[in-house]
Amino acid sequence: MKIKSLIYTTLASTLLFASCDLNKQPVFNDDSQAFIAFESATGIVKEAIDGEAATLEVKLHCASVAGVTAEVTVAVTDTNYAEAMRAVEGVDYVVKSEKTIKFDKDNRFATIIIETINNDIQDGDKKFDIVLTNVKGCNLGANKSFAVTISDDEDPMNMLVGSYSASAVSAFDEVTVDTWDVTITRDDEHDDRLWIHPLCLFGGLGASSIYPVYCVVDVNAGTIQVPNGQTMFESGYNMVNAGLANPPATSGVTLALFTVTGTEVVIEFQDDFGVGDTVSNAWWYAAYYTPTYTKK
């Protein structure tokens, strides 16, 4: 290993010093380095609801200094996904843009429009890729594939995703009703998890300073369980969510029930909760009786 490492280090050093000229600035060469690429690699769009299509705008550009005349072909494929997850063109979505996209010095950016179709059944999220092929006049950049997810509107988990208005009676005076905005998103790895941000406000902090907490959803039972003891703020503190009790319930879960009626979603907490600091054992920075989240 030492010999191999030494050889690699020596080779890398040789290449580095051979290629460095501190007095010469690098120059982008349009003839050899211009490229076409997507501006990002992934995107999510909702399934059409009640016949009203949802759209996803996928951006791409032709990178050059002076501008080059170039074109690229846009194709779709679903082979990277299991058969049950594959989105079918003409069934789950349509591409509303030209399949061949042309660029020149006055037209360096383009947009591919994806329009979704509603299938009226709960069959999970669908996925497909948009790929760039047959490039002419320049190169393909690193982002030459764009992964699209079509979220199933009949999926209760997706129905829970979105923006909410929260309200709760303060446990400090049992009279004041506090309100705040909440955003709920899906977990990237666990199908039964969501992230709540913020669970509540506390300590004069803005929502951007508060960490989200995760919850576990049982779609059949209509329950949401938020594990207690999750860190919501640090920086010399360890602010955690806890059930209102003496001592504070930093383990176990805070239970909520959710109801979905059409597009209306309401989450009603069955347990009281708040926020405290486990470093100084200071309780409470916030304390609420059974908050309610109503989807906007």
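Provided above is the structure to which this section pertains.
What you are looking at is a predicted structure, and each value in this text was computed from that prediction instead of being measured.

Definitions and cut-offs
Residues numbered from 1 in each chain as written. Predicted model: local features only at pLDDT ≥ 70, side-chain atom pairs only at ≥ 80, totals over all residues. Heavy atoms only, no water. Helix = DSSP H or I, 4+ residues; strand = E, 2+ residues; numbered from the N terminus. Buried < 20%, exposed > 50% of the residue type's maximum accessible area, 1.4 Å probe, protein only. Contact = heavy atoms within 4.5 Å. Areas by Shrake-Rupley, 256 points an atom, 1.4 Å probe, with all protein chains shown as cover. Pairing = 2+ DSSP bridges. Salt bridge = Lys/Arg side-chain N within 4 Å of Asp/Glu carboxyl O. Axes fitted to C-alpha atoms, helices over the stretch in contact; angles between N-to-C directions.

Peer 1: Help me understand the overall build of the chain, please; the structure alone is not making it clear to me.
Peer 2: Counting its secondary structure elements, the chain contains 3 helices and 21 strands. Scored against the burial criterion, the 296 residues of the chain give a buried share of 36%. Restricting to contacts in the chain with at least 6 residues of sequence separation, those with at least 24 account for 63%. As presented, the chain carries roughly 16600 Å² of accessible surface, and 52% of it is formed by carbon and sulfur atoms.

Peer 1: Explain the sheet that holds strand β3 (residues 55-63) here, please?
Peer 2: By way of backbone hydrogen bonds, the strands of a sheet pair with one another, either parallel or antiparallel. Read from one edge to the other, the open sheet built from 5 strands follows the order β5-β7-β3-β1-β9, with strand pairing classed as mixed. Looking at which strands have only one partner, the edges of the open sheet turn out to be β5 (93-95) and β9 (139-140). Taken together, the 7 bridges between β3 and strand β7 (residues 109-116) define a ladder with antiparallel strand orientation. Across the sheet, the residue bridging to His61 is Phe109, located in β7.

Peer 1: Would you take a moment to explain the pattern of salt bridges for this structure?
Peer 2: Two side chains carrying opposite charge are able to pair once their charged atoms lie near each other. Enumeration according to the criterion identifies 3 salt bridges in this entry. Close ionic contact of Lys99 with Glu89 constitutes a salt bridge, the shortest N to O distance being 3.6 Å. Separated by 10 residues along the polypeptide, Lys99 in the loop between β5 and β6 (100-103) and Glu89 in the loop between β4 (70-77) and β5 bring together distant segments of the chain. On the accessibility criterion, Glu89 (36% relative accessible area) is partly exposed.

Peer 1: Just to check I follow, could you spell out the environment of Gly204 for this structure?
Peer 2: Among the secondary structure elements, Gly204 is positioned in the loop between β13 (193-197) and β14 (213-218). Under the relative-accessibility criterion, Gly204 is labelled exposed at 80%. Separated by 82 residues in the primary sequence, Gly204 and Ala286 place their C-alpha atoms 9.9 Å from one another.

Peer 1: Would you take a moment to explain the sheet that holds strand β8 (residues 126-136) for this structure?
Peer 2: The sheet built from 5 strands is open, its strands ordered β2-β10-β8-β4-β6 with mixed pairing. Of all the strands in the sheet, just β2 (42-46) and β6 have a single pairing partner and so form its edges. Averaged over all pairs of adjacent strands, the angle between strand axes in this sheet comes to 25 degrees, irrespective of strand direction. Both β8 and strand β10 (residues 145-151) contribute to a ladder of 6 bridges, which runs antiparallel. Each bridged residue has a counterpart across the sheet, and for Ile130 the counterpart in β10 is Phe146.

In short, the description is geometric, and any link to function would need to be established separately.
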